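Summary of structural features
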Amino acid sequence: MTSTAHCIDVPLLSFIFRKTVDLVQRAERAGVEWITVHGRTVKQRAEPVDYDAIKTVVDSVSIPVFANGDITQLSHVDDVCSRTGARGVMAARGILSNPAMFAGYSQTPLDCIQTWVDIALSTGLSFSTFHHHLMYMLEKTHSKADKQVFNTLGSVSAVLNFLELNYGIK
């Protein structure tokens, strides 16, 4: 017998917080097996995550809740789970800038970047997606001047040339 997990991702709407808690509870009653809660609204993107609000959601249901927002280092995982009672975390920008974060790396290792280049080239990924992800992965590695040059590159060949000259990535 197979089981299909049902889940939803719910933004935390501070200004109508009660409705957010009600929505999560209704989702649980409807059979959702776990839920992810982001600790701020889109308009609050530059503001700190509201961990107390995530904790309130965690305390309002019996299904696993995963916290999302500002997970940019592996050390954040235990801290956020301790503060909120969440069963785990989701990382968006953190994993974009460092796909090896959950393996314990503080910045994207070059072999990870090489793997990304290989995957992108072998699958015919669009240039904009290929370049965009590399901009995130290299943000902690580039100098300000290198970042300015890299961000203006307009072709796969220009990116590959830059990576080979600056990092030995082929």
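This is a predicted model, so every value here is computed, not measured.

This part covers the overall build of the protein chain. A tally of helices and strands in the protein chain yields 8 helices and 4 strands. Starting at the N terminus, the α and β elements of the protein chain follow one another as β-α-β-α-β-α-β-α-α-α-α-α. For a compact globule of 170 residues, the expected C-alpha radius of gyration is about 15 Å, and the protein chain comes in at 19 Å, more than 25% above that figure. Taken over 170 residues, the protein chain has a buried fraction of 36%. The contacts in the protein chain between residues at least 6 apart in sequence include a share of 56% that link residues at least 24 apart. For the protein chain, the exposed area adds up to about 9,800 Å²; of that, 55% sits on carbon and sulfur atoms. Separation between the mean location of the 15 positive side-chain charges and that of the 16 negative ones in the protein chain comes to 6 Å.

Time to look at the layout of surface pockets. Of the pockets and cavities examined, the largest pocket occupies roughly 290 Å³. Every residue lining the largest pocket is counted, 16 residues in all, and those nearest its centre are His38, Arg40, Arg45, Ala92 and Arg93. Looking at the lining of the largest pocket residue by residue, the classes come out as 6 nonpolar, 6 polar and 4 charged.

If you trace the backbone, Asn98 turns up in the loop between helix 4 (93–97) and helix 5 (110–123). If sequence neighbours within four positions are ignored, Asn98 has contacts with Tyr105, Ser106, Gln107, Thr108 and Pro109.

Quick notes on the rules
- Residues numbered from 1 in each chain as written.
- Predicted model: local features only at pLDDT ≥ 70, side-chain atom pairs only at ≥ 80, totals over all residues.
- Heavy atoms only, no water.
- Helix = DSSP H or I, 4+ residues; strand = E, 2+ residues; numbered from the N terminus.
- Rg over C-alpha atoms; globule rule 2.2 N^0.38 Å.
- Buried < 20%, exposed > 50% of the residue type's maximum accessible area, 1.4 Å probe, protein only.
- Contact = heavy atoms within 4.5 Å.
- Areas by Shrake-Rupley, 256 points an atom, 1.4 Å probe, with all protein chains shown as cover.
- Lys, Arg positive; Asp, Glu negative; His and termini not counted.
- Charge placed at Lys NZ, Arg CZ, Asp CG, Glu CD.
- 1 Å grid on protein atoms, 1.4 Å probe; cavity = no way out; pocket = protein on both sides within 12 Å on 5 of 7 lines; lining within 4 Å.
- Points joined across faces, edges and corners; volume = space filled by probe spheres on them.
- Nonpolar A, V, L, I, M, F, W, Y, C, P; charged D, E, K, R; others polar.

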